[in-house]
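Here is how the chains run, residue by residue.
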Amino acid sequence: MINVILALVPLAFATGSLVWLMTSGAQAQARSDAWAAQWMRDNA
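Residues numbered from 1 in each chain as written. Predicted model: local features only at pLDDT ≥ 70, side-chain atom pairs only at ≥ 80, totals over all residues. Heavy atoms only, no water.

Asks: Explanation requested: the overall build of the chain in the structure shown.
Replies: Helix and strand content of the chain: 1 helix and 0 strands. Over its C-alpha atoms, taken along the principal directions, the chain stretches across nearly 65 × 5 × 5 Å. The buried share among the 44 residues of the chain stands at 0%. Summed over all atoms, the accessible surface of the chain reaches about 4000 Å², with 73% contributed by carbon and sulfur. (Helix = DSSP H or I, 4+ residues; strand = E, 2+ residues; numbered from the N terminus. Buried < 20%, exposed > 50% of the residue type's maximum accessible area, 1.4 Å probe, protein only. Areas by Shrake-Rupley, 256 points an atom, 1.4 Å probe, with all protein chains shown as cover.)

Structure representation (C-alpha cells):
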C-alpha cells in the first residue's frame, strides 16, 4: 500500500504541473491573440 501511495505522489505532481502549464499557456495565448487583434485594428 505504501508503494502505491509513493507511486501516486509524483504522478499527481506531474499531472497538476501539466494542467497548470496548459491553463497558464492558454491564458497567455488569449492575451497575445487579443493584443495582435488590437494591433491589427490600430495599424492596418
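Asks: Before we go on, may I ask you to explain a nonpolar patch on the surface in this structure?
Replies: On the surface, Met1, Ile2, Val4, Ile5, Leu6, Leu8, Val9 and Leu11 cluster together to form a nonpolar patch covering roughly 850 Å² of accessible area. Examined against the element boundaries, Leu6 turns out to sit in helix H1 (residues 2-43). Residue classification places Leu6 among the exposed residues on the basis of a relative accessible area of 57%. (Patch = residues over 30% accessible without salt bridge, like charges linked within 9 Å, V, L, I, M, F, W, Y side chains within 5 Å. Salt bridge = Lys/Arg side-chain N within 4 Å of Asp/Glu carboxyl O.)

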